[in-house]
There are 2 protein chains.
Amino acid sequence: MRSKIFVSAQEVAEKAGVSRSAVSRTFTQGASVSAETRERVLRAAEELGYHVNHLARGLMRNESGIVCLIASEVATPYRSALLRELTLQLQNAGKIAMFINTDRSDGSVDRALQQAIRYRADASIILSGLPDKSITELCLRNGQRLVLINRDEDQPGPLRINLDDDEVGGRVLTAFARAGCRRLAFANSEAGTPSLMGRERAFVAAAHGLGMDVIVKRHGWTGYEAGRVLAHRLLTAKERPDAVFCATDLLACGFMDAARHQFGLSIPDELCIVGFDDIEQASWSSYELTTFAQPVAEIASRAIEWLSRFGPKDGKGEVQSIRLKAELIWRKSVRAKK
Amino acid sequence: MRSKIFVSAQEVAEKAGVSRSAVSRTFTQGASVSAETRERVLRAAEELGYHVNHLARGLMRNESGIVCLIASEVATPYRSALLRELTLQLQNAGKIAMFINTDRSDGSVDRALQQAIRYRADASIILSGLPDKSITELCLRNGQRLVLINRDEDQPGPLRINLDDDEVGGRVLTAFARAGCRRLAFANSEAGTPSLMGRERAFVAAAHGLGMDVIVKRHGWTGYEAGRVLAHRLLTAKERPDAVFCATDLLACGFMDAARHQFGLSIPDELCIVGFDDIEQASWSSYELTTFAQPVAEIASRAIEWLSRFGPKDGKGEVQSIRLKAELIWRKSVRAKK
DNA sequence: AAATCTCTTGCACGCACGTGCAACAACCGG
DNA sequence: CCGGTTGTTGCACGTGCGTGCAAGAGATTT
C-alpha cells in the first residue's frame, strides 16, 4: 500500500464546484455536459494535475484497453520489427500494449496468459510459443480475444495469421532452377516452429515435384551461430550443395559468412542462398541477401483490426484464419543464370 | 462496455460457501485463513476459472504493479536487447511491463507519460526522448518513480543511469595510438543524444590531451545507412583518416561496409575502427568489430532495484545518479601495432 | 399562460477488490 | 468453571470511476 495518493475526480469536483458526475462526464466521450461546466472542470483538472484512472474506468466498462503481447526472443531483428509495428498500431487504435517475455522457462506462455487475464487485457497477441487448449478456452470464455501469429496449429477460437508456405517453396525452387543449381539444401533450426517446418515441407515438396532431391539439415536455435554450424555440416559433405534455402535470414547470414570466410566460396557464383524475413541486415552490403519479406505492417493491421472488431465472442461465421503472401526481394545472393 | 463478464470473487465465494472476504484473503499474501476454507476457495476458483482482478487490486492498494517502458527505435539491436533485459527482470521482480513506443511525432514522450499516469503505473523507465520538466514533476507528485537511461540532462527527481564517457574516450585513444594511427576521426549522427555527444566530447578531449586533432562528422539518423554516408564523406577527403571511432555499432557496420566494398580498404591494416554498444552483429565474422559493450543486464538490474525500493518519494539522500563502465571488447577492427 | 420538450445535473448504485473491526469459536492455564 | 488468548470469519466501508434515473432549468410550442 503506497502512502501518497493520486488526485481523484472528487477533488476536481470540489475545486470546480460541481458534482463528481460532472467531472466524470467531461472525460467521457459523448456524455452530456454544458460548455461552461466542462470548461470549469477542465481548468480545475489542469490545475490539480488530474488524470482519469484507467484502472477504475476499465473496472466499470469491463474493457481495459490493454492488449497483451506475448513473445520470446525479442531482441531478434524480425521479432523486434514485428513488435515495433504492433505497438505502434495499437497506440493508433487507442489501445495500450502490455508486454510479456517468454524467454527462459517454458510453459511460460500459460503463465503469461494468466497475467493477461489478471490485468483484464481485452486481447492477447501471441508471437511465439503456444498455450494449452484449456487456457485458450479460459481466455475465450472470459471474453478475451486471442491472435496467433505464424503458429498454425489447429487451435479453435483464436485468429490465426500466417504466410503462404507453398508459394514460397515454389518460388525459391524456380529461382534456383533458373540459376542452374543442381544440388539443393534446406538449412533449418531444431526449433520445430510450425512456420519453419512449413517452409521446409513446402520447399521439399516443390523440389520433389520437379524430380529433384533436397538435403535437409537442422541444428540448434534459430540464429546466426546455427547458420555457421549448418554451413560447416553442409559444405564439408562430399556432395556439396550449390543452392541453400535458409529458414531464416539470421541462419542465412551465418551461413554466408562461413561459406565465404571459411570455405572461400563466392556467392552467388558458386553458391546461391535465399533467406526469409528480410531483416535489416539482409540489405547490408556484406550480405545483399535475396529473401522473402514478411508483410509485417499488414500482419499487425489485420490482427488489430480483428481484435478491435466488436462482435459475438464465439465468433460463428467470423474469419478465424488469415493467410498472407510473403514478397520476394531480389538482391544478389542468387545469380540470374548459370 | 463489453457484455460478458469475468468471474468475480463473489461467485467463487458463493460456490465455496464462504464470504467474499475469505476469497479475498486466500489470494492475499499473509492474510489469515484456515487451511480448510483456503482449500475450498481454491477448488471453487479453479473450477470457475477465477483470476484476481489486478485492476481492482491496484485500485485498492494504490499500487498497480505496472512499470511503463518508454522508448523509440525499438527494432534497433541495442534497444531491443535492453528492452529484453528490462522486461525479463521486471517479470522476475513480480511487475509487469507496459510499453509505449515514441517513434513518429515528437512531444510524444509527454503523451506517453500521461498514459502511464492514467494506468497508474508505479514507475516509468525512459530509454529515449525526454519529458518536460512539468511532466516530470507531475509524475513525482503522483508517486511515480522515473528512471532515465543514457539521458543525462540535469532533471532533478528521476534516477539517471549512464556510462562513463571519459574513460571510453581515453581507452579508444590509447588503442588507436598504440596502433600507430595518425589521423583520427569521430563519426556521429545528428541525433544529438546526450550519450552520443558525450562520447564525442570525451574522445575529442582525450585527443587534444595528447596534442592530436579529430575530424568530427555528423550525419542523419543513427543507423547503418548514416554510417555509409559518413564513410563517403570522410574517406574522400584529401587527408583520409586512418582511425575512426563510430558513436554506434550500427554506424560502424555501415562505415566498414562502405570502406571495404566501395573504397577497397583493408581493416584493420589501412583503417582502424571502434564502435559502441556491442550489438550482436559486431561479433559476426563480416565485421569482428572492436567495440564497447554496454552493461545491459546491470543497467536493468540497477534500475529495477531502485524503483522497487520502498522509500520516501522525494528521496532526499537517495542515490539519484548511477554511472557505469562500458567494457571494451577486443576483436579485429583495430590492429595491435603498426 | 399553460404545456411540452430538450438539456443539464446530482444522487445513488454498482464494478471487483482490500482491510479494520468486532463477533465468535476453540483452546489453555489457573 | 472461568477469564484470557489465539485464530478465523463476516460485516461494512473505502478505492475511482461510469451511468440510469429523476429532478430541475430553460426554451419552445400551443
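Reading guide: rules and limits
- Residues numbered from 1 in each chain as written.
- Chains lettered and ligands numbered in written order.
- Predicted model: local features only at pLDDT ≥ 70, side-chain atom pairs only at ≥ 80, totals over all residues.
- Heavy atoms only, no water.
- Helix = DSSP H or I, 4+ residues; strand = E, 2+ residues; numbered from the N terminus.
- Rg over C-alpha atoms; globule rule 2.2 N^0.38 Å.
- Buried < 20%, exposed > 50% of the residue type's maximum accessible area, 1.4 Å probe, protein only.
- Contact = heavy atoms within 4.5 Å.
- Polar contact = N/O pair within 3.5 Å; in protein donor to acceptor, adjacent residues only side chain to side chain.
- Pairing = 2+ DSSP bridges.
- Axes fitted to C-alpha atoms, helices over the stretch in contact; angles between N-to-C directions.
- Expected span 1.5 Å × (residues − 1).
- 1 Å grid on protein atoms, 1.4 Å probe; cavity = no way out; pocket = protein on both sides within 12 Å on 5 of 7 lines; lining within 4 Å.
- Points joined across faces, edges and corners; volume = space filled by probe spheres on them.
- Nonpolar A, V, L, I, M, F, W, Y, C, P; charged D, E, K, R; others polar.
- Near = heavy atom within 4 Å.
- Least-squares fit on C-alpha atoms with pLDDT ≥ 70 in both.
- Parallel < 35°, antiparallel > 145°, perpendicular 65-115°, else oblique.
- Left-handed = near helix turned anticlockwise from the far one by under 90°.
- Domains from an automatic or database assignment.

Here we take up the overall build of chain A. Counting secondary structure elements, chain A contains 12 helices and 12 strands. At 26 Å, chain A has a C-alpha radius of gyration far larger than the 20 Å of a compact globule built from 338 residues. Once the C-alpha set of chain A is aligned to its principal axes, its extents read approximately 85 × 40 × 35 Å. Within chain A, buried positions represent 58% of all 338 residues. In chain A, of all internal contacts separated by at least 6 residues, the share reaching a separation of at least 24 is 68%.

All names here are of chain A. Mapped onto the secondary structure, S189 falls in the loop between β6 (184-188) and α9 (194-209). Classification of S189 by relative accessible area gives buried; the value is 1%. Within the structure, S189 has its side chain in polar contact with the backbone nitrogen of A191 (distance 3.1 Å). Here T222 takes part through its side chain, which lies 2.8 Å from a polar atom of the side chain of S189. Once residues within four sequence positions are removed from consideration, S189 is found in contact with L196, R218, H219, G220, W221, T222 and L251.

Attention now goes to the sheet that holds strand β6 (residues 184-188) of chain B. Residue and element names in this part refer to chain B. The six strands lie next to each other as β7-β6-β8-β9-β10-β12, forming an open sheet whose pairing is mixed. Unpaired on one side and paired on the other, β7 (214-218) and β12 (327-329) mark the two borders of the sheet. Direction aside, the axes of adjacent strands within the sheet are offset by 20° on average. As defined by bridge partners, strand β10 (residues 290-293) adjoins β12 across three bridges and the pair is classed as antiparallel. In the strand pairing of β12, F292 is matched with L328. Lying over the sheet, helix α11 (residues 249-262) contacts β6, β8 (243-246), β9 (272-277) and β10, oriented at roughly 150° with respect to β9.

This paragraph deals with α11 of chain B. In an α-helix, one turn spans 3.6 residues, which is why side chains three or four residues apart end up on the same side. All names here are of chain B. The terminal C-alpha atoms of α11, which comprises 14 residues, lie 19 Å apart, in line with the 20 Å expected from a rise of 1.5 Å per residue. Among the 14 residues in α11, 11 count as buried, and that is most of the element. Regarding α11, the residues found buried are D249, L250, L251, A252, C253, G254, F255, M256, D257, A258 and A259. At its buried positions, α11 is contacted by α5 (77-92), β6, α10 (224-235), β8, β9 and β10. In the stretch just after α11, G264 is the one whose phi turns positive, near 60°.

All right, on to empty space enclosed by the protein then. Taken as a whole and judged by the stated rule, the model has one cavity of 30 Å³ or more. Listing elements by their share of the lining of the largest cavity, those giving two or more residues are α5 (77-92) of chain A together with α5 and β2 (96-101) of chain B. In terms of residues, the lining of the largest cavity owes the most to one element, α5 of chain B, which gives four residues. Split by residue class, the lining of the largest cavity holds eight nonpolar, four polar and one charged.

By nearness alone, 27 residues border DNA strand D, and A9, S24 and R57 of chain A together with T37 and M60 of chain B come closest of all. Backbone atoms, meaning sugar plus phosphate, form 51% of the atoms of DNA strand D positioned within 4 Å of the protein. T37 of chain B places a side-chain nitrogen or oxygen 3.2 Å from a phosphate oxygen of DNA strand D. For the surface near DNA strand D, the per-class residue count stands at 12 nonpolar, 11 polar and four charged.

With an RMSD of 0.0 Å, the operation that places chain B on chain A is a rotation of 180° combined with a shift of 0.0 Å along the axis. Both copies are brought into coincidence by an operation consistent with a two-fold rotation axis. When C-alpha positions in chain B are compared against the rotation axis, the closest is assigned to M98 of chain B, at 2.2 Å. Comparing contact sets, 100% of the residues at the interface of chain B also lie at the interface in chain A, consistent with an isologous, same-surface contact.

Attention now goes to the protein's contact with DNA strand C. Near DNA strand C you find 26 residues, and of these T37 and M60 of chain A together with A9, S24 and R25 of chain B are the closest. Considering DNA strand C, the proportion of its atoms within 4 Å of the protein that are sugar or phosphate atoms stands at 54%. At 3.2 Å, a side-chain N or O of T37 of chain A approaches a phosphate oxygen of DNA strand C. Note that a phosphate oxygen of DNA strand C is positioned 2.6 Å from one of the backbone N or O atoms of A9 of chain B. Mapped onto the surface near DNA strand C, the elements with two or more residues apiece are α2 (20-26) and α4 (54-61) of chain A together with α2 (20-26) and α4 (54-61) of chain B. In terms of residues, the surface near DNA strand C owes the most to one element, α2 of chain B, which gives four residues. Counted by class, the surface near DNA strand C contains 11 nonpolar, 11 polar and four charged residues.

Let us look at the packing of helix α6 (residues 108-118) of chain B against helix α7 (residues 133-141) of chain B. Residue and element names in this part refer to chain B. Put simply, α6 and α7 touch, their axes get as near as 10 Å, and they point 10° apart. On the basis of the axis angle, α6 is roughly parallel to α7. The handedness of the crossing between α6 and α7 is left-handed. Across the interface between the two elements, D110, L113, Q114 and I117 from α6 touch I135, L138 and C139 from α7. Taken together, the residues that form the contact of α6 with α7 break down as five nonpolar, one polar and one charged.

Residues and elements named next belong to chain A. As summarised here, the arrangement of the six strands in space is β7-β6-β8-β9-β10-β12, forming an open sheet in which the pairing is mixed. Each end of this open sheet is capped by a strand with a single partner; those strands are β7 (214-218) and β12 (327-329). For this sheet the average axis-to-axis angle between neighbouring strands, irrespective of direction, equals 20°.

Partitioning chain A into domains gives domain 1 (9-52), domain 2 (66-163 + 296-325) and domain 3 (165-293). Taking only C-alpha atoms, the centre of domain 1 of chain A and the centre of domain 3 of chain A are 62 Å apart.

Right, let's talk about the environment of R40 of chain A for a bit. With respect to the secondary-structure elements, R40 of chain A resides in helix α3 (residues 35-48). Discounting residues that sit within four places of it in the chain, R40 of chain A has contacts with A16, G17 and V18 of chain A.

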